[in-house]
Amino acid sequence: MKVAIIAPPYPLEEAPSPPLGVSYVAAACESAGCDVRIFDYIVRGYTREKIAAELDAFAPDVVGSTSVTMNFKYAAAIMQDVKRHNPDIIAMMGGPHVSYDWADTLKKYPEIDLIVVGEGEETLRELLPVIHERDAWPGIKGIVFRQDGQAHFTGPRDLIHNLDTLPAPARRLLPVSRYLALGFPVSIITSRGCPNQCIFCLGRRMVGYKVRYRTPSLIVDEIEDIISYGFTRINIADDLFTANKDRVRIFCEELQRRGVKIAWTAFSRVNTVDEEVLTIMREAGCDSVSFGIESGNPEMLKRVKKGITLDQARKAVQACKNTGVLAHASFIIGMPGESPQTIEDSYTFAESLEIAYGFHLLAPFPGTTVREEQEKYDIEFLTDDWDLYDANVPIVRTSTLSEQYTKRFMDDFEARHNELWNDILRRYSEGACSDEEYLRVAGHNRMHLVFKILTDDLIERHGVFSNDGSSLQALAGRITEATGAQPDLVRQTLDQFDQAGYIRQASEAGTTRWYWTQNNRSDAQY
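Residues numbered from 1 in each chain as written. Predicted model: local features only at pLDDT ≥ 70, side-chain atom pairs only at ≥ 80, totals over all residues. Heavy atoms only, no water.

Comments concerning the packing of aromatic side chains
Phase 1 of the analysis: Tallied over the full model, the rule gives 22 aromatic pairs.
Phase 2 of the analysis: When the ring of Y41 is compared with that of Y46, the centres are 4.9 Å apart and the planes differ by 80°; the resulting orientation is edge-to-face. With respect to burial, Y41 and Y46 carry one shared label: buried.
Phase 3 of the analysis: Judged by centre distance (5.8 Å) and plane angle (90°), the ring pair of Y357 and F359 falls under edge-to-face. With respect to burial, Y357 and F359 carry one shared label: buried.
Phase 4 of the analysis: Taking the ring centre of F465 as reference, the NZ or CZ of R478 above it sits at 3.7 Å. (Phe/Tyr/Trp six-rings, centres within 6.5 Å; stacked < 30°, edge-to-face > 60°. Buried < 20%, exposed > 50% of the residue type's maximum accessible area, 1.4 Å probe, protein only. Lys NZ or Arg CZ within 6 Å of the ring centre and 35° of its normal.)

What about unusual backbone geometry?
Phase 1 of the analysis: A positive phi angle is found at E294, which is not glycine, with a value near 80°.
Phase 2 of the analysis: Mapped onto the elements, E294 comes out in strand β13 (residues 286-294).
Phase 3 of the analysis: Look at E294 and you get buried, because its relative accessible area is 6%. (Helix = DSSP H or I, 4+ residues; strand = E, 2+ residues; numbered from the N terminus.)

Re the sheet that holds strand β11 (residues 233-236)
Phase 1 of the analysis: Within the open sheet, the six strands sit side by side as β8-β11-β12-β13-β14-β15. Their pairing is parallel. If you trace the sheet from one side to the other, it starts and ends with β8 (186-188) and β15 (356-361), each paired once. Strand-to-strand twist of the sheet, defined as the mean angle between neighbouring strand axes without regard to direction, takes the value 25°.
Phase 2 of the analysis: Where β13 and strand β14 (residues 326-333) come together, six bridges link them in parallel fashion. When the sheet's bridge partners are listed, V289 is paired in β14 with A327.
Phase 3 of the analysis: Sitting on the sheet, helix α16 (residues 403-429) is in contact with β14 and β15, with an inclination near 150° to β15. (Pairing = 2+ DSSP bridges. Axes fitted to C-alpha atoms, helices over the stretch in contact; angles between N-to-C directions. Contact = heavy atoms within 4.5 Å.)

What follows is the structure, given as C-alpha coordinates:
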(Lines give C-alpha, C1' and ligand atoms only; values in the text may rest on other atoms or scores of the structure.)
Protein backbone atom coordinates (compact mmCIF):
# COMPACT_ATOMS: atom_id res chain seq x y z
CA MET A 1 0.00 0.00 0.00
CA LYS A 2 1.40 3.37 -1.02
CA VAL A 3 0.14 6.60 0.50
CA ALA A 4 1.06 10.14 -0.56
CA ILE A 5 0.27 12.98 1.82
CA ILE A 6 -0.11 16.54 0.55
CA ALA A 7 1.17 19.54 2.50
CA PRO A 8 -0.70 22.30 0.61
CA PRO A 9 0.74 25.79 0.05
CA TYR A 10 0.76 28.18 3.00
CA PRO A 11 1.56 31.91 2.92
CA LEU A 12 4.84 33.27 4.23
CA GLU A 13 2.92 35.71 6.43
CA GLU A 14 1.70 32.75 8.48
CA ALA A 15 5.28 31.67 9.27
CA PRO A 16 5.15 28.18 7.76
CA SER A 17 7.13 25.68 9.82
CA PRO A 18 7.56 21.94 9.18
CA PRO A 19 3.92 20.78 9.21
CA LEU A 20 3.30 18.92 12.46
CA GLY A 21 -0.09 17.45 11.59
CA VAL A 22 1.20 16.08 8.30
CA SER A 23 4.16 14.51 10.11
CA TYR A 24 1.87 12.78 12.60
CA VAL A 25 -0.39 11.53 9.80
CA ALA A 26 2.60 10.18 7.86
CA ALA A 27 3.78 8.31 10.95
CA ALA A 28 0.31 6.84 11.48
CA CYS A 29 0.20 5.64 7.87
CA GLU A 30 3.61 4.02 8.27
CA SER A 31 2.44 2.28 11.45
CA ALA A 32 -0.41 0.82 9.36
CA GLY A 33 2.22 -0.81 7.15
CA CYS A 34 2.15 1.68 4.28
CA ASP A 35 4.94 3.05 2.13
CA VAL A 36 4.55 6.80 2.63
CA ARG A 37 5.70 9.93 0.83
CA ILE A 38 5.01 13.56 1.68
CA PHE A 39 4.44 15.85 -1.30
CA ASP A 40 5.31 19.18 0.29
CA TYR A 41 4.18 22.30 -1.55
CA ILE A 42 4.76 24.70 1.31
CA VAL A 43 8.46 25.13 0.58
CA ARG A 44 8.26 23.96 -3.04
CA GLY A 45 6.27 25.40 -5.90
CA TYR A 46 3.06 23.65 -6.93
CA THR A 47 2.05 22.94 -10.51
CA ARG A 48 -0.19 20.33 -12.09
CA GLU A 49 2.79 19.11 -14.07
CA LYS A 50 4.84 18.61 -10.93
CA ILE A 51 2.23 16.61 -9.05
CA ALA A 52 1.52 14.53 -12.16
CA ALA A 53 5.19 13.60 -12.41
CA GLU A 54 5.38 12.79 -8.69
CA LEU A 55 2.24 10.67 -8.84
CA ASP A 56 3.64 8.74 -11.79
CA ALA A 57 6.96 8.20 -10.04
CA PHE A 58 5.47 6.97 -6.73
CA ALA A 59 2.18 5.45 -7.97
CA PRO A 60 0.24 5.81 -4.71
CA ASP A 61 -2.97 3.93 -3.95
CA VAL A 62 -4.17 6.74 -1.68
CA VAL A 63 -3.55 10.49 -1.65
CA GLY A 64 -4.54 12.52 1.37
CA SER A 65 -4.35 16.19 2.21
CA THR A 66 -4.80 18.26 5.31
CA SER A 67 -5.87 21.90 5.39
CA VAL A 68 -7.04 24.72 7.56
CA THR A 69 -9.85 26.97 6.42
CA MET A 70 -7.65 29.61 4.82
CA ASN A 71 -5.94 27.15 2.46
CA PHE A 72 -8.78 24.65 2.10
CA LYS A 73 -9.72 25.69 -1.43
CA TYR A 74 -6.13 25.31 -2.62
CA ALA A 75 -5.87 21.89 -0.98
CA ALA A 76 -9.17 20.79 -2.51
CA ALA A 77 -8.05 21.99 -5.94
CA ILE A 78 -4.92 19.87 -5.61
CA MET A 79 -7.09 16.85 -4.83
CA GLN A 80 -9.08 17.59 -7.98
CA ASP A 81 -5.83 17.58 -9.95
CA VAL A 82 -4.92 14.24 -8.40
CA LYS A 83 -8.19 12.62 -9.45
CA ARG A 84 -8.05 14.10 -12.94
CA HIS A 85 -4.61 12.59 -13.37
CA ASN A 86 -5.57 9.19 -12.01
CA PRO A 87 -9.26 8.55 -11.15
CA ASP A 88 -8.34 5.23 -9.52
CA ILE A 89 -6.52 6.91 -6.66
CA ILE A 90 -8.54 7.13 -3.44
CA ALA A 91 -8.56 10.81 -2.46
CA MET A 92 -9.17 11.77 1.14
CA MET A 93 -8.88 14.87 3.30
CA GLY A 94 -8.55 15.62 7.00
CA GLY A 95 -7.90 18.57 9.26
CA PRO A 96 -9.96 21.13 11.16
CA HIS A 97 -11.86 22.60 8.20
CA VAL A 98 -13.27 19.44 6.67
CA SER A 99 -13.89 17.91 10.10
CA TYR A 100 -16.75 20.40 10.52
CA ASP A 101 -17.65 21.20 6.92
CA TRP A 102 -17.69 17.65 5.61
CA ALA A 103 -21.18 17.69 4.10
CA ASP A 104 -20.52 20.80 2.02
CA THR A 105 -17.05 19.56 1.09
CA LEU A 106 -18.31 16.26 -0.33
CA LYS A 107 -21.12 18.07 -2.13
CA LYS A 108 -18.88 20.62 -3.84
CA TYR A 109 -15.90 18.36 -4.48
CA PRO A 110 -16.99 15.00 -5.90
CA GLU A 111 -13.33 14.15 -6.45
CA ILE A 112 -12.86 13.72 -2.70
CA ASP A 113 -13.80 10.16 -1.75
CA LEU A 114 -13.47 10.25 2.00
CA ILE A 115 -12.94 12.61 4.95
CA VAL A 116 -11.21 11.76 8.22
CA VAL A 117 -12.87 13.67 11.06
CA GLY A 118 -11.00 15.08 14.05
CA GLU A 119 -8.03 13.30 15.59
CA GLY A 120 -7.03 10.98 12.77
CA GLU A 121 -4.14 8.71 13.74
CA GLU A 122 -6.15 5.75 15.08
CA THR A 123 -8.75 6.14 12.35
CA LEU A 124 -6.08 5.86 9.65
CA ARG A 125 -4.46 2.83 11.24
CA GLU A 126 -7.81 1.05 11.11
CA LEU A 127 -8.91 2.39 7.74
CA LEU A 128 -5.85 1.95 5.54
CA PRO A 129 -5.65 -1.88 5.67
CA VAL A 130 -9.20 -2.02 4.25
CA ILE A 131 -9.16 1.16 2.17
CA HIS A 132 -9.98 -0.79 -1.03
CA GLU A 133 -12.86 -2.65 0.66
CA ARG A 134 -15.61 -0.06 0.59
CA ASP A 135 -18.04 -2.40 2.27
CA ALA A 136 -15.83 -2.11 5.37
CA TRP A 137 -15.95 1.68 5.56
CA PRO A 138 -19.29 1.94 7.44
CA GLY A 139 -17.77 0.02 10.34
CA ILE A 140 -14.89 2.46 10.87
CA LYS A 141 -15.59 5.30 13.28
CA GLY A 142 -14.45 8.82 12.43
CA ILE A 143 -14.89 8.98 8.64
CA VAL A 144 -17.36 10.49 6.18
CA PHE A 145 -18.03 9.19 2.67
CA ARG A 146 -20.82 9.12 0.11
CA GLN A 147 -23.45 6.45 0.47
CA ASP A 148 -26.52 6.41 -1.74
CA GLY A 149 -25.63 9.90 -2.93
CA GLN A 150 -25.49 11.37 0.59
CA ALA A 151 -22.67 12.15 2.98
CA HIS A 152 -22.54 9.37 5.56
CA PHE A 153 -20.78 9.99 8.89
CA THR A 154 -19.84 6.82 10.74
CA GLY A 155 -19.87 8.58 14.10
CA PRO A 156 -17.17 10.10 16.29
CA ARG A 157 -14.17 8.11 17.35
CA ASP A 158 -12.99 8.17 20.94
CA LEU A 159 -9.96 10.40 21.46
CA ILE A 160 -6.60 8.74 21.95
CA HIS A 161 -6.27 8.24 25.70
CA ASN A 162 -2.53 7.61 25.84
CA LEU A 163 -0.61 9.99 23.57
CA ASP A 164 2.59 8.04 24.25
CA THR A 165 1.26 5.32 21.95
CA LEU A 166 1.49 7.66 18.96
CA PRO A 167 4.48 7.08 16.70
CA ALA A 168 6.89 10.01 16.59
CA PRO A 169 6.13 12.55 13.83
CA ALA A 170 7.78 11.43 10.59
CA ARG A 171 9.68 14.66 9.95
CA ARG A 172 12.36 12.69 8.09
CA LEU A 173 9.90 12.48 5.15
CA LEU A 174 9.76 16.28 4.86
CA PRO A 175 12.15 18.40 2.77
CA VAL A 176 14.02 19.26 5.97
CA SER A 177 16.84 21.21 4.31
CA ARG A 178 14.35 23.62 2.79
CA TYR A 179 12.75 24.27 6.17
CA LEU A 180 16.17 24.76 7.73
CA ALA A 181 16.94 27.30 5.02
CA LEU A 182 13.70 29.17 5.74
CA GLY A 183 14.53 29.28 9.43
CA PHE A 184 11.17 29.18 11.23
CA PRO A 185 10.78 27.25 14.52
CA VAL A 186 9.67 23.62 14.58
CA SER A 187 6.33 23.06 16.33
CA ILE A 188 5.82 20.25 18.82
CA ILE A 189 3.00 19.30 21.16
CA THR A 190 3.36 18.06 24.72
CA SER A 191 -0.39 17.59 25.25
CA ARG A 192 -3.76 17.64 23.54
CA GLY A 193 -7.00 18.97 24.93
CA CYS A 194 -8.48 22.25 26.14
CA PRO A 195 -11.15 22.70 28.85
CA ASN A 196 -11.79 26.33 27.95
CA GLN A 197 -14.90 27.43 26.08
CA CYS A 198 -13.81 30.37 23.89
CA ILE A 199 -16.53 30.73 21.27
CA PHE A 200 -14.11 31.62 18.46
CA CYS A 201 -11.74 28.66 18.85
CA LEU A 202 -11.71 25.09 17.51
CA GLY A 203 -9.32 23.67 20.11
CA ARG A 204 -11.92 22.09 22.39
CA ARG A 205 -13.79 20.58 19.43
CA MET A 206 -10.75 19.09 17.71
CA VAL A 207 -8.84 17.68 20.67
CA GLY A 208 -11.42 17.43 23.44
CA TYR A 209 -12.01 19.25 26.71
CA LYS A 210 -9.89 16.89 28.83
CA VAL A 211 -6.15 17.54 28.64
CA ARG A 212 -4.07 14.48 27.77
CA TYR A 213 -0.34 14.66 28.44
CA ARG A 214 2.72 13.10 26.85
CA THR A 215 5.51 11.74 29.03
CA PRO A 216 8.23 14.42 29.38
CA SER A 217 11.09 12.04 28.60
CA LEU A 218 9.48 11.16 25.26
CA ILE A 219 9.00 14.84 24.47
CA VAL A 220 12.69 15.51 25.08
CA ASP A 221 13.56 12.48 22.92
CA GLU A 222 11.65 14.19 20.11
CA ILE A 223 13.42 17.49 20.76
CA GLU A 224 16.81 15.77 20.57
CA ASP A 225 15.81 14.29 17.22
CA ILE A 226 14.77 17.75 16.00
CA ILE A 227 18.15 19.16 17.07
CA SER A 228 19.96 16.38 15.19
CA TYR A 229 18.60 17.80 11.93
CA GLY A 230 20.08 21.21 12.69
CA PHE A 231 17.04 23.10 13.95
CA THR A 232 17.81 25.61 16.69
CA ARG A 233 14.36 26.71 17.84
CA ILE A 234 11.08 25.01 18.68
CA ASN A 235 7.59 26.25 19.48
CA ILE A 236 5.35 24.38 21.91
CA ALA A 237 1.95 24.60 20.26
CA ASP A 238 -0.19 23.21 23.09
CA ASP A 239 -3.41 25.01 23.95
CA LEU A 240 -2.53 24.76 27.65
CA PHE A 241 1.19 24.16 28.09
CA THR A 242 1.43 26.14 31.36
CA ALA A 243 -1.79 24.89 32.94
CA ASN A 244 0.03 22.34 35.13
CA LYS A 245 2.99 23.93 36.90
CA ASP A 246 4.39 20.63 38.19
CA ARG A 247 4.38 19.16 34.70
CA VAL A 248 6.13 22.21 33.27
CA ARG A 249 8.78 21.86 35.97
CA ILE A 250 9.35 18.15 35.24
CA PHE A 251 9.67 18.85 31.51
CA CYS A 252 12.14 21.69 32.08
CA GLU A 253 14.17 19.60 34.52
CA GLU A 254 14.38 16.81 31.94
CA LEU A 255 15.74 19.26 29.37
CA GLN A 256 18.36 20.48 31.84
CA ARG A 257 19.25 17.01 33.14
CA ARG A 258 20.12 15.89 29.60
CA GLY A 259 21.92 19.13 28.81
CA VAL A 260 19.59 19.87 25.88
CA LYS A 261 20.29 23.37 24.62
CA ILE A 262 17.64 24.83 22.36
CA ALA A 263 15.67 28.06 22.32
CA TRP A 264 11.93 27.63 22.60
CA THR A 265 8.68 29.51 22.78
CA ALA A 266 5.20 28.57 23.95
CA PHE A 267 1.58 29.63 23.68
CA SER A 268 0.04 30.31 27.07
CA ARG A 269 -2.87 31.84 28.95
CA VAL A 270 -2.45 34.79 31.25
CA ASN A 271 -4.21 33.02 34.11
CA THR A 272 -1.76 30.11 34.12
CA VAL A 273 1.64 31.79 34.54
CA ASP A 274 3.51 33.47 37.36
CA GLU A 275 7.12 34.36 38.07
CA GLU A 276 7.87 30.90 39.45
CA VAL A 277 6.83 28.95 36.36
CA LEU A 278 8.31 31.52 33.98
CA THR A 279 11.66 31.35 35.80
CA ILE A 280 11.65 27.57 35.45
CA MET A 281 10.90 27.90 31.74
CA ARG A 282 13.50 30.62 31.20
CA GLU A 283 16.26 28.56 32.80
CA ALA A 284 15.40 25.68 30.43
CA GLY A 285 15.64 27.80 27.27
CA CYS A 286 12.23 29.48 26.87
CA ASP A 287 12.71 33.05 25.72
CA SER A 288 9.22 34.05 24.54
CA VAL A 289 5.58 33.43 25.42
CA SER A 290 2.52 34.35 23.37
CA PHE A 291 -0.76 35.22 25.07
CA GLY A 292 -4.16 35.36 23.43
CA ILE A 293 -5.71 38.24 25.35
CA GLU A 294 -8.27 38.92 22.59
CA SER A 295 -9.90 42.07 24.01
CA GLY A 296 -9.19 44.99 26.31
CA ASN A 297 -12.85 45.24 27.28
CA PRO A 298 -13.98 43.15 30.30
CA GLU A 299 -17.52 42.64 28.98
CA MET A 300 -16.20 41.39 25.65
CA LEU A 301 -14.01 38.84 27.44
CA LYS A 302 -17.05 37.53 29.33
CA ARG A 303 -19.21 37.44 26.20
CA VAL A 304 -16.76 35.29 24.25
CA LYS A 305 -16.09 33.05 27.30
CA LYS A 306 -12.38 33.75 27.32
CA GLY A 307 -12.17 33.10 31.04
CA ILE A 308 -9.52 35.69 31.87
CA THR A 309 -9.42 39.20 33.32
CA LEU A 310 -7.43 42.25 32.33
CA ASP A 311 -5.74 42.25 35.71
CA GLN A 312 -4.51 38.71 35.07
CA ALA A 313 -3.14 39.88 31.73
CA ARG A 314 -1.27 42.76 33.39
CA LYS A 315 0.22 40.45 36.01
CA ALA A 316 1.26 37.84 33.43
CA VAL A 317 3.00 40.44 31.28
CA GLN A 318 4.78 41.92 34.30
CA ALA A 319 5.89 38.44 35.36
CA CYS A 320 7.42 37.98 31.91
CA LYS A 321 9.27 41.27 32.20
CA ASN A 322 10.54 40.37 35.67
CA THR A 323 11.92 37.01 34.50
CA GLY A 324 13.39 38.07 31.18
CA VAL A 325 10.84 36.24 29.01
CA LEU A 326 9.57 38.23 26.04
CA ALA A 327 5.80 38.52 25.97
CA HIS A 328 3.61 38.87 22.90
CA ALA A 329 -0.13 39.49 22.95
CA SER A 330 -2.76 38.95 20.28
CA PHE A 331 -6.18 40.62 20.07
CA ILE A 332 -9.22 39.77 17.95
CA ILE A 333 -11.41 42.42 16.30
CA GLY A 334 -15.01 41.75 15.27
CA MET A 335 -16.28 39.41 17.98
CA PRO A 336 -19.97 39.48 19.00
CA GLY A 337 -20.90 42.80 20.58
CA GLU A 338 -17.83 44.56 19.17
CA SER A 339 -18.15 48.32 18.73
CA PRO A 340 -15.79 51.22 17.99
CA GLN A 341 -15.51 51.76 21.75
CA THR A 342 -14.53 48.17 22.55
CA ILE A 343 -11.92 48.28 19.78
CA GLU A 344 -10.54 51.48 21.29
CA ASP A 345 -10.48 49.73 24.68
CA SER A 346 -8.41 46.92 23.16
CA TYR A 347 -5.99 49.32 21.50
CA THR A 348 -5.54 51.37 24.68
CA PHE A 349 -5.00 48.25 26.76
CA ALA A 350 -2.54 46.75 24.26
CA GLU A 351 -0.48 49.95 24.27
CA SER A 352 -0.49 50.05 28.08
CA LEU A 353 1.21 46.64 28.28
CA GLU A 354 4.32 47.98 26.50
CA ILE A 355 5.05 44.70 24.73
CA ALA A 356 4.80 43.47 21.14
CA TYR A 357 1.20 42.83 20.11
CA GLY A 358 -0.96 42.32 17.06
CA PHE A 359 -4.57 42.58 15.96
CA HIS A 360 -6.37 39.90 13.98
CA LEU A 361 -9.87 39.91 12.57
CA LEU A 362 -12.40 37.33 13.66
CA ALA A 363 -12.58 34.38 11.26
CA PRO A 364 -15.57 32.22 12.30
CA PHE A 365 -14.24 28.86 11.15
CA PRO A 366 -16.53 25.87 10.67
CA GLY A 367 -16.86 24.11 14.00
CA THR A 368 -16.53 27.19 16.19
CA THR A 369 -19.32 28.01 18.60
CA VAL A 370 -19.78 31.48 17.15
CA ARG A 371 -20.45 29.97 13.72
CA GLU A 372 -22.58 27.02 14.75
CA GLU A 373 -24.68 29.09 17.18
CA GLN A 374 -24.75 32.34 15.24
CA GLU A 375 -28.36 33.03 16.20
CA LYS A 376 -27.27 33.51 19.83
CA TYR A 377 -24.85 36.30 19.03
CA ASP A 378 -24.85 39.81 17.66
CA ILE A 379 -22.95 38.94 14.50
CA GLU A 380 -23.43 38.59 10.75
CA PHE A 381 -21.12 36.65 8.42
CA LEU A 382 -20.43 38.46 5.16
CA THR A 383 -18.89 35.66 3.12
CA ASP A 384 -18.10 31.97 2.99
CA ASP A 385 -15.19 32.47 0.63
CA TRP A 386 -12.69 30.44 2.65
CA ASP A 387 -9.74 32.13 0.95
CA LEU A 388 -10.64 35.27 2.93
CA TYR A 389 -10.59 33.50 6.30
CA ASP A 390 -6.99 34.48 7.04
CA ALA A 391 -7.83 36.85 9.93
CA ASN A 392 -6.70 39.82 7.82
CA VAL A 393 -9.93 40.69 5.97
CA PRO A 394 -13.22 41.89 7.58
CA ILE A 395 -15.74 39.10 7.06
CA VAL A 396 -18.17 39.85 9.90
CA ARG A 397 -20.13 42.79 11.22
CA THR A 398 -22.16 43.45 14.35
CA SER A 399 -25.06 45.80 15.04
CA THR A 400 -22.57 48.35 16.37
CA LEU A 401 -19.59 47.68 14.11
CA SER A 402 -19.49 47.86 10.32
CA GLU A 403 -16.93 46.12 8.17
CA GLN A 404 -15.94 49.56 6.87
CA TYR A 405 -15.00 50.74 10.36
CA THR A 406 -13.08 47.53 10.96
CA LYS A 407 -11.15 47.98 7.73
CA ARG A 408 -10.34 51.61 8.56
CA PHE A 409 -9.05 50.63 11.99
CA MET A 410 -6.85 47.88 10.60
CA ASP A 411 -5.60 50.09 7.77
CA ASP A 412 -4.69 52.82 10.28
CA PHE A 413 -3.03 50.28 12.57
CA GLU A 414 -1.00 48.86 9.69
CA ALA A 415 -0.13 52.37 8.49
CA ARG A 416 1.33 53.25 11.89
CA HIS A 417 3.48 50.15 11.89
CA ASN A 418 4.47 50.63 8.25
CA GLU A 419 5.54 54.19 9.02
CA LEU A 420 7.88 52.91 11.73
CA TRP A 421 9.17 50.17 9.45
CA ASN A 422 9.73 52.54 6.55
CA ASP A 423 11.70 54.82 8.84
CA ILE A 424 13.93 51.90 9.77
CA LEU A 425 14.36 51.05 6.09
CA ARG A 426 15.34 54.64 5.36
CA ARG A 427 18.00 54.61 8.08
CA TYR A 428 19.17 51.20 6.87
CA SER A 429 19.67 52.52 3.32
CA GLU A 430 21.55 55.53 4.72
CA GLY A 431 23.76 53.37 6.93
CA ALA A 432 22.41 55.16 10.00
CA CYS A 433 20.38 52.42 11.70
CA SER A 434 21.18 50.68 14.97
CA ASP A 435 22.70 47.18 15.08
CA GLU A 436 19.34 45.77 16.11
CA GLU A 437 17.57 47.52 13.24
CA TYR A 438 20.21 46.31 10.80
CA LEU A 439 19.62 42.71 11.87
CA ARG A 440 15.85 43.16 11.55
CA VAL A 441 16.07 44.46 7.99
CA ALA A 442 18.68 41.92 6.95
CA GLY A 443 16.59 39.08 8.38
CA HIS A 444 13.47 40.36 6.67
CA ASN A 445 15.20 40.61 3.29
CA ARG A 446 16.76 37.18 3.63
CA MET A 447 13.47 35.53 4.63
CA HIS A 448 11.65 36.90 1.58
CA LEU A 449 14.52 35.93 -0.71
CA VAL A 450 14.63 32.37 0.65
CA PHE A 451 10.86 31.93 0.37
CA LYS A 452 10.99 33.06 -3.26
CA ILE A 453 13.88 30.70 -4.00
CA LEU A 454 11.88 27.84 -2.46
CA THR A 455 8.40 28.44 -3.81
CA ASP A 456 9.53 29.49 -7.29
CA ASP A 457 11.87 26.46 -7.52
CA LEU A 458 14.75 28.75 -8.47
CA ILE A 459 17.50 26.24 -7.63
CA GLU A 460 15.85 23.68 -9.91
CA ARG A 461 15.05 26.16 -12.69
CA HIS A 462 18.41 27.94 -12.79
CA GLY A 463 20.81 25.37 -11.37
CA VAL A 464 21.78 23.38 -14.49
CA PHE A 465 25.17 24.23 -16.04
CA SER A 466 27.81 22.83 -18.29
CA ASN A 467 30.52 21.32 -16.13
CA ASP A 468 32.91 24.22 -16.65
CA GLY A 469 30.44 26.88 -15.47
CA SER A 470 28.70 25.41 -12.44
CA SER A 471 30.18 27.50 -9.65
CA LEU A 472 28.11 28.80 -6.80
CA GLN A 473 28.90 32.30 -8.04
CA ALA A 474 27.32 31.48 -11.40
CA LEU A 475 24.20 30.16 -9.68
CA ALA A 476 24.05 33.32 -7.56
CA GLY A 477 24.20 35.45 -10.69
CA ARG A 478 21.23 33.69 -12.23
CA ILE A 479 19.15 33.91 -9.04
CA THR A 480 20.04 37.57 -8.60
CA GLU A 481 18.74 38.22 -12.09
CA ALA A 482 15.58 36.18 -11.42
CA THR A 483 14.74 37.86 -8.11
CA GLY A 484 16.15 41.37 -8.37
CA ALA A 485 17.61 40.92 -4.89
CA GLN A 486 20.89 42.45 -3.77
CA PRO A 487 23.78 40.43 -5.25
CA ASP A 488 25.64 40.28 -1.92
CA LEU A 489 22.56 38.94 -0.15
CA VAL A 490 22.05 36.24 -2.78
CA ARG A 491 25.70 35.17 -2.67
CA GLN A 492 25.78 35.06 1.12
CA THR A 493 22.52 33.12 1.27
CA LEU A 494 23.58 30.51 -1.29
CA ASP A 495 26.99 30.17 0.35
CA GLN A 496 25.26 29.42 3.65
CA PHE A 497 23.05 26.83 1.91
CA ASP A 498 26.13 25.18 0.42
CA GLN A 499 28.17 25.21 3.62
CA ALA A 500 25.27 23.76 5.63
CA GLY A 501 24.64 21.01 3.08
CA TYR A 502 21.16 22.20 2.10
CA ILE A 503 22.16 22.24 -1.59
CA ARG A 504 24.60 20.02 -3.47
CA GLN A 505 25.88 19.43 -7.00
CA ALA A 506 25.53 16.33 -9.15
CA SER A 507 27.40 15.90 -12.45
CA GLU A 508 26.43 13.66 -15.33
CA ALA A 509 26.91 13.62 -19.10
CA GLY A 510 28.69 16.95 -19.32
CA THR A 511 26.30 18.91 -17.11
CA THR A 512 26.19 19.82 -13.45
CA ARG A 513 22.95 20.30 -11.58
CA TRP A 514 22.40 21.96 -8.23
CA TYR A 515 19.72 20.34 -6.06
CA TRP A 516 18.20 20.50 -2.58
CA THR A 517 19.11 17.70 -0.22
CA GLN A 518 16.28 16.20 1.78
CA ASN A 519 18.10 16.71 5.08
CA ASN A 520 21.56 17.15 6.53
CA ARG A 521 21.86 13.45 7.34
CA SER A 522 22.41 12.49 3.71
CA ASP A 523 22.68 13.92 0.21
CA ALA A 524 19.41 12.30 -0.82
CA GLN A 525 17.29 14.55 -3.01
CA TYR A 526 13.75 15.57 -2.20
